[in-house]
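# Report on the structure
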Amino acid sequence: MARNHLYLVDGSSYIFRAYHRLPPLTNPQGVPVGAVYGYTAMLWKLADGLDKAEGPTHLAVILDHSSQSFRNSLYDQYKANRPEPPEDLRPQFPLIRDATRAFSLPCIEMEGYEADDLIASYTVAAQAAGWDVTIVSSDKDLMQLVTPDPKGDEPHVDMLDTMKNVRMGREAVFEKFGVGPELVGDVLALMGDSVDNVPGVRGVGPKTATKLIQEYGSLEAALAGAETMKPSKLRDNLIEHADMARLSRQLVELHRECPLPQPLEELRLDGIPTEPLRDFLLLHGFKSMAARIGGDAPAPAAGAGPNRAAAMGGGVLGEAWQPKGNGSTAPAAPALPEHPAIDRSRYETVTTLDALDRWIAEARAIGHVAIDTETDSLDAITGGLVGVSLSTAPGNGCYIPLGHGGHDLLSEKPEQLPMDVTLARLKPLFADDAVLKIGHNLKYDMAVLAQHGLTITPLDDTLLLSFALDAGQHGHGLDELAKLHLEHQCIAFKEVCGTGKSQISFAEVPLDRATEYAAEDAEVALRLWMLLRHRLWQEGGTKVYEMVDRPLVAAVTAMERRGILVDRETLSRLSGTFSQDMARLEAAIHAEAGGPFTIGSPKQLGEVLFDKLGLKGGRKGKSGDWSTDQSELERLERDGVPIARMILEWRQVAKLKSTYSDALQDQINRVTGRVHTSYSLVGAQTGRLSSTDPNLQNIPIRSETGRQIREAFVAAPGNVLIAADYSQIELRLAAHMADVPQLKAAFAEGADIHSLTAEELFGEVTRDTRAKAKTVNFAILYGISRYGLASRMEISNDEAQAIISRYFERFPGISDYMQRTLEGARERGYTETLFGRKTWFPRINSKNQGERQGAERAAINAPIQGTSADIIKRAMVRMDGALADAGLSSVRMLLQVHDELVFEAPEGLVDAAIPVIRRVMSHAAEPAVTLSVPLDVEVGTGANWGAAH
DNA sequence: GCGGGAGGC
DNA sequence: AGTAAGGCCTCCCGCC
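Residues numbered from 1 in each chain as written. Chains lettered and ligands numbered in written order. Predicted model: local features only at pLDDT ≥ 70, side-chain atom pairs only at ≥ 80, totals over all residues. Heavy atoms only, no water.

Chain A appears in an unreviewed UniProt entry as DNA polymerase I from Sphingomonas lacunae. Per UniProt, chain A carries the Sequence similarities (unreviewed entry) text "Belongs to the DNA polymerase type-A family." The UniProt entry for chain A carries the following comment under Subunit (unreviewed entry): "Single-chain monomer with multiple functions." (UniProt positions renumbered as here; feature names shortened; annotations may be inferred.)

What follows is the structure in C-alpha cells.
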C-alpha cells in the first residue's frame, strides 16, 4: 500500500509566474484570464496524476491572505517596496479562489500568516504523520523544506515546478545554492532579497553568500569568522551589517507551527464533481477543457489547429479521473482569442521622449515587450544601430529611429531622438527582471546592443521556440512563421532596401516606410510568441528550451563578440605557397591531358578523362556528366593513372586557398582585429550549432597541409589557447542509450573502443582490423546500410552485410535500439534526445523508398547526435559561471566545434583553468541525466589552435 | 540558384 | 524488377 502523498500548491506565487508566461487571454466578458487559465490547467494536470506513483493522494491550495505577517513587526520595511501587480492581473486574484472551488479542492489561507508559513506547517505535520510531501512552487524560500538527506523509506519532501515540469529534490537545491536545504536559510539571509526587501549584507549576492556558508558552515560562524578574515570590503560589510544579517535570518525563517485551519485528513483527493467545474470552465471560455469533461459542453471550434487533437482526447475528467495511457495529458487550451489583422497604419514613429516613456511604461505595466533592432549591416559585432522597434500587444507597434540619414550629403537627417538618451532610457527596461523581452533571434539584437552597453534579460526567443517545437518540420524565419501561423505576409527586406548594386542601407530608408517594416517585425514576433509559448507548454519540450537553448543565447553572444585572433601573415604566406603549388600542378595536368582546360570544372574534367583520354570505368551521375569525385579519382590512381593523383592534390590546395587562406583574411574584423563567426542555434535539425561567416567548424585538421591553416588561429599576446574535446562522445552515448554492456565496460575501463570492436568482429586486433572496426563503428552511428558500408570499405555488399550481422549479434542492444527508435519515429513522427529535444521526420513514412530510407538513417542518428549537442550546450551554459566562481573570469570561451570547446587564457591561469573546464564538460549531463558511461575530456594547449591538439 | 565537390564533427 | 544506397553542416566554383 503506497503511503499518503500531500501536494501543497503555492497558489499566490504561481499566478504571478503564469501571468508573465502565458498569453493574455480574456474571457467572453472581456476580463483578463490568462493567468487563471494557466492555474486551472495546472490543477487539472495535478489532479490527473491521482493514480500515478508520484501523484497526490491529498491536495490543498495555499494562498496569501494579506501582506501583513509577523515579519512586518520584525522589520517595518518588509515587502515595503513591492510594485503593484499589473492592471490586468489584479482582477484575476479572486478568480483563483473561484477556480479552486470549481475543482472542489480545499483552499487554505489565514490572517497574519503568509502562504510560505502555512506550507511549512502543513509540510511538517504531514512529515510527522509519515506522509510524502510535494510543494508545488518554485519559490526559493520554500527550498528550506526539502528533505535534506532522503534515506531509504523515510518520507520525503520535494518541490515541483509545474511550469517547467521539473521536480526539485536535494540535488536541485545543491545546484542552486551550493548547500543543503538546512543551510538555505543562512544563504538567503546573507544575500537578501530585493523583491521582498530582505536587507541581507551589502555587497553579498548569491555567489558570495554560498561561498561564505560553504566555508564557515553557518551564518553565525561566518559572522563570527569575519573578524579573522583578511582586510577587505567584504569583511567590513560583514561586521557592519551583522545585525541586518541576523534580522534577515529571522525574516527568511519559515514559521513551522501555525495552527492548521483544516486537518490533514480533510485534504484527501478522491474525485472531482464535474458540475461546478464545467460551469466554471464554460463561464470563462475554456471550451476545450470543458469539452474533455464530456456532457453537453460545446465541441471546440473546428480547425482549432494544434489544439484539436488534444481536445478530442475527451472524457478524462468525467470518468473518475482515470489518467490516460501515456500519462501526458496536458489539457487543451481554449481557442486563443481572435486578434485583429495586422494593420501597419497603426504603427507609431517615436520621436519624442514623452512618447518613448509611454512605451516603456506600457511594457512595464504589461510585463513583456517584443523588440527588434535595425542596423546598417548584417554584422552584429560592429554594425551600426539604426533604430529599435517595440510591440506590447497585438495591434500595436512602434519604431524609434536613432541613426537615420546623414550618409548622403544631399538628404537631410530626419527628426529623431538622440541615441544616447534613448538607449539610457531603454537600458533599465531591457535589463528589468520583471519585463520579459521577446524577439526573433535575439542573439543578433543582443550583440548589436552590447556595443552600447545594453543587456537583454530575461528573454524569450521565437526562433528558438519554433525550433524546440518544430525542428525538421519547416524553416524558422520570421517571415515564414508569419505566413504559416498568422497567415500574414511580412514586408520583405528587399522591398524596403532593394537588392544587389542598388541596395541601400536601412539608415537611408524614409521613416514612414522604416516604421512599417520594423514595427511589423516586433508585432509579428509578439504574436508568434503568444502562439508558440502556448504550444510549447501544451506539447512539451519546455525542459530543453528552458534549460539549454534559452540560456545559451547569452553564452553564444559572448563568444561571438570575443572572436578569435587570426594571424594574417601566416595566412598570406600560405596563400602564396598554395598559388605556386597550384600553378605547378596545373601545368603538369595540362601537359598530361594534352591541352589546357578548366580543372575546377567537373564537367570539363570528366570529358578530358573519360572521353578525350578514354579512361575506363567511369560512371555518370544523374546530370549525365561523368563523376569525378574523390573515390573515382582514387580508383584511377590505383589503376596507375598519374593525372588522377595530381588532380586530387590540385583540388585539395584549391579548396584550402579559396575557402581558408584567402577567405579568412577578409573575415578579420577591421575594428576588433579578430575573426567573429556567427553561430546559428537552429542551424542543424539535431540541435547542433552551425557556424557561418566564416564557418569555424570546418577548419582543416586531417591532412598535414590543411593543418597549417589551424596554426594561423593564435592566442593573443600573453595568452594560450586551450582546446578541450569530448573523447568519442557519440559512441559513448550510443553505448549508454542502446545499453551495450561490453561497450559500456570498455569505456568505464578506458579501453580502446575500436580495438574491442575489432576483436568482436574479426577475432583479432591488427592495424587493419582496428581501422575497419572504426569505420563500422561510425557507420553504425549514421544509420548503417550494407550498401553504404560496402562502398566505404570497398568490399562487396554481401561481405558488408556479414559484418553488420556479426555486429548486431555481438552487440544486440544496438539493433534493438535502432528498432525502437524507428518504431517511435514512425508512430509519433519525431525522435527525442535524452534531454527531450524533439526532431521531426515528416518523410519517415514516405512511399518513396529513397526518401524514407534517408529519413530512417537520420532518425537513428538524431537522438545520439542531438544528445551530444545538448550535453556540450549545457557545458557552455555553465562554463562562464564556473570559471568566474573559480576566480578565472579572464579565461574566455571562444569557439565550439560540436565536441570541442576552445578557450583563450592568460599564461599564468592555464593550469587552474583546465580542471574547471574538464569538470564542467564531463559532468554536463548531470543532474538531468545520469549516464552509465564516463564522459572523458581531452585537453591540449598551445600558442595556436594546431598546437593545442 | 543549383549541384558537385570538399572541409569539419 | 532494378536502382541507389552513411548522419549533421558551410563554402566555393562552374554553369545555366
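### A closer look at the overall build of chain A
Counting its secondary structure elements, chain A contains 36 helices and 23 strands. Relative to its full complement of 949 residues, chain A shows a buried share of 53%. Nonlocal contacts in chain A, meaning residues at least 24 apart in sequence, comprise 69% of its contacts between residues at least 6 apart. Carbon together with sulfur atoms contributes 50% to the accessible area of chain A, which is approximately 40,800 Å² in total. (Helix = DSSP H or I, 4+ residues; strand = E, 2+ residues; numbered from the N terminus. Buried < 20%, exposed > 50% of the residue type's maximum accessible area, 1.4 Å probe, protein only. Contact = heavy atoms within 4.5 Å. Areas by Shrake-Rupley, 256 points an atom, 1.4 Å probe, with all protein chains shown as cover.)

### Re the protein's contact with DNA strand C
Neighbouring DNA strand C are 30 residues; Ser601, Tyr787, Gly788, Arg792 and Arg857 lie closest to it. Between DNA strand C and Asn695 there is a distance of 2.9 Å, counted from a sugar or linking oxygen to a side-chain nitrogen or oxygen. Contact between DNA strand C and Gln865: a sugar or linking oxygen at 3.2 Å from a side-chain N or O atom of the residue. For the surface near DNA strand C, the elements supplying multiple residues, two or more each, are helix H26 (642–666), strand S16 (690–692), helix H31 (767–781), helix H32 (786–793) and helix H35 (849–885). Sort the elements by how many residues they give to the surface near DNA strand C and H35 lands first, with five residues. A breakdown of the residues in the surface near DNA strand C according to their chemical character gives six nonpolar, 19 polar and five charged. (Near = heavy atom within 4 Å. Polar contact = N/O pair within 3.5 Å; in protein donor to acceptor, adjacent residues only side chain to side chain. Nonpolar A, V, L, I, M, F, W, Y, C, P; charged D, E, K, R; others polar.)

### Notes on the packing of H31 against H32
The contact between H31 and H32 brings their axes to 11 Å, and the two run at 145 degrees. Read as a crossing pair, H31 and H32 show a hand that is right-handed. Every residue of H32 that contacts H31 at Lys772, Thr775, Val776 and Ala779 is listed here: Leu789, Arg792 and Met793. Considering only residue class, the contact of H31 with H32 consists of four nonpolar, one polar and two charged. (Axes fitted to C-alpha atoms, helices over the stretch in contact; angles between N-to-C directions. Left-handed = near helix turned anticlockwise from the far one by under 90°.)

### Describing the layout of surface pockets
Size it by volume and the second largest pocket reaches roughly 2,000 Å³. Around the second largest pocket, the lining is made up of 49 residues, and of these Ile701, Arg702, Phe778, Tyr782 and Arg792 lie nearest the centre. When contributions to the lining of the second largest pocket are tallied by element, the ones reaching two or more residues are helix H25 (630–638), H26, helix H27 (704–710), strand S18 (719–726), helix H28 (729–737), H31, H32 and H35. Here the lining of the second largest pocket is composed, by residue class, of 17 nonpolar, 15 polar and 17 charged. Here the lining of the second largest pocket spans two domains, since at least three of its residues come from each of domain 3 (590–675) and domain 4 (730–862). (1 Å grid on protein atoms, 1.4 Å probe; cavity = no way out; pocket = protein on both sides within 12 Å on 5 of 7 lines; lining within 4 Å. Points joined across faces, edges and corners; volume = space filled by probe spheres on them. Domains from an automatic or database assignment.)

### Observations concerning the packing of aromatic side chains
By the definition in use, this model includes 11 aromatic pairs. Relative to Phe286, the ring of Tyr37 has its centre 4.9 Å away and its plane inclined at 75 degrees; by these criteria the two rings are edge-to-face. With a gap of 249 residues between them, Tyr37 in helix H2 (residues 34–48) and Phe286 in the loop between helix H12 (274–283) and helix H13 (287–293) connect regions that are remote in the sequence. The buried category is assigned to Phe286, whose relative accessible area is 1%. Between Phe493 and Tyr517 the ring centres are 6.0 Å apart and the planes differ by 65 degrees, which places this aromatic pair in the edge-to-face class. (Phe/Tyr/Trp six-rings, centres within 6.5 Å; stacked < 30°, edge-to-face > 60°.)

### Some points on the protein's contact with DNA strand B
Close to DNA strand B lie 18 residues, the nearest being Thr628, Arg688, Ile701, Arg702 and Asp899. Separating a phosphate oxygen of DNA strand B from a backbone N or O atom of Gln630 is a distance of 3.3 Å. Arg688 places a side-chain nitrogen or oxygen 2.8 Å from a base oxygen of DNA strand B. Of the residues forming the surface near DNA strand B, the biggest block, four residues, is contributed by H26. Considering only residue class, the surface near DNA strand B consists of five nonpolar, six polar and seven charged.

### Quick notes on the pattern of salt bridges
Tallied over the full model, the rule gives 47 salt bridges. Notably, a salt bridge pairs Arg674 with Glu904, separated by 2.9 Å at the nearest N-O pair. Note that Arg674 is positioned in strand S14 (residues 674–675) and Glu904 in strand S22 (residues 900–906), a separation of 230 residues in sequence. Across this residue pair, the class does not change: Arg674 and Glu904 are buried. Asp768 is the salt-bridge partner of Lys772, the closest N and O atoms lying 3.4 Å from each other. Of this pair, Lys772 and Asp768 both sit in helix H31, four residues apart, roughly one helical turn. Residue classification places Lys772 among the partly exposed positions, given a relative accessible area of 31%. Among the charged side chains, a network of salt bridges with common partners joins Asp460, Arg533, Glu546 and Arg550. (Salt bridge = Lys/Arg side-chain N within 4 Å of Asp/Glu carboxyl O.)

### Points about the pairing of strand S4 (residues 132–136)
Summarising burial for S4: five of the five residues are buried, a large majority. Burial along S4 is two-sided: the face carrying Asp132, Thr134 and Val136 and the face carrying Val133 and Ile135 are both buried. One ladder, built from four bridges, connects S4 with strand S5 (residues 157–161); its direction is parallel. The residue of S5 that forms the bridge with Ile135 is Met159. (Pairing = 2+ DSSP bridges.)

### Some remarks on the pairing of strand S21 (residues 892–896)
Consecutive side chains along a regular strand alternate between the two faces of the sheet. Most of S21 is tucked away, with four of its five residues classed as buried. Where S21 meets S22, four bridges bridge the pair, whose relative direction is antiparallel. Bridge pairing links Met893 to Phe903 in S22.

### Notes on the nonpolar core
By size, the foremost hydrophobic cluster in this structure holds 182 residues, and its most contacted members are Leu426, Tyr726 and Ile871. For this core, the element with the most residues is H35, which contributes 12 residues. Excluding residues within four positions of it along the chain, Leu426 makes contact with Leu356, Ile360, Val388, Ile400 and Leu454. (Core = buried A, V, L, I, M, F, W, Y, C linked by side-chain atoms within 4.5 Å.)

### Re the environment of Thr373
Looking at the secondary structure, you find Thr373 in strand S8 (residues 368–375). Along the primary structure Thr373 and Ala522 are separated by 149 residues, whereas in three dimensions their C-alpha atoms are 9.0 Å apart. Excluding residues that lie within four positions of it along the chain, Thr373 makes contacts with Leu385, Gly387, Val388, Tyr444, Asp445, Val448 and Leu449. Side chain to side chain, Thr373 and Asp445 meet in a polar contact 2.6 Å long.

### Observations concerning the sheet that holds S5
On the basis of which strands lie adjacent, the open sheet formed by six strands has the order S3-S2-S1-S4-S5-S6 and mixed pairing. Two strands in the sheet have a free side with no partner beyond their single neighbour: strand S3 (107–108) and strand S6 (166–168). Both strand S1 (residues 5–10) and S4 contribute to a ladder of five bridges, which runs parallel. Bridge pairing in S4 places Val9 opposite Val136. Taken strand by strand, helix H5 (residues 115–128) contacts S1, strand S2 (58–62), S3, S4 and S5, and its axis lies near 175 degrees from that of S1.

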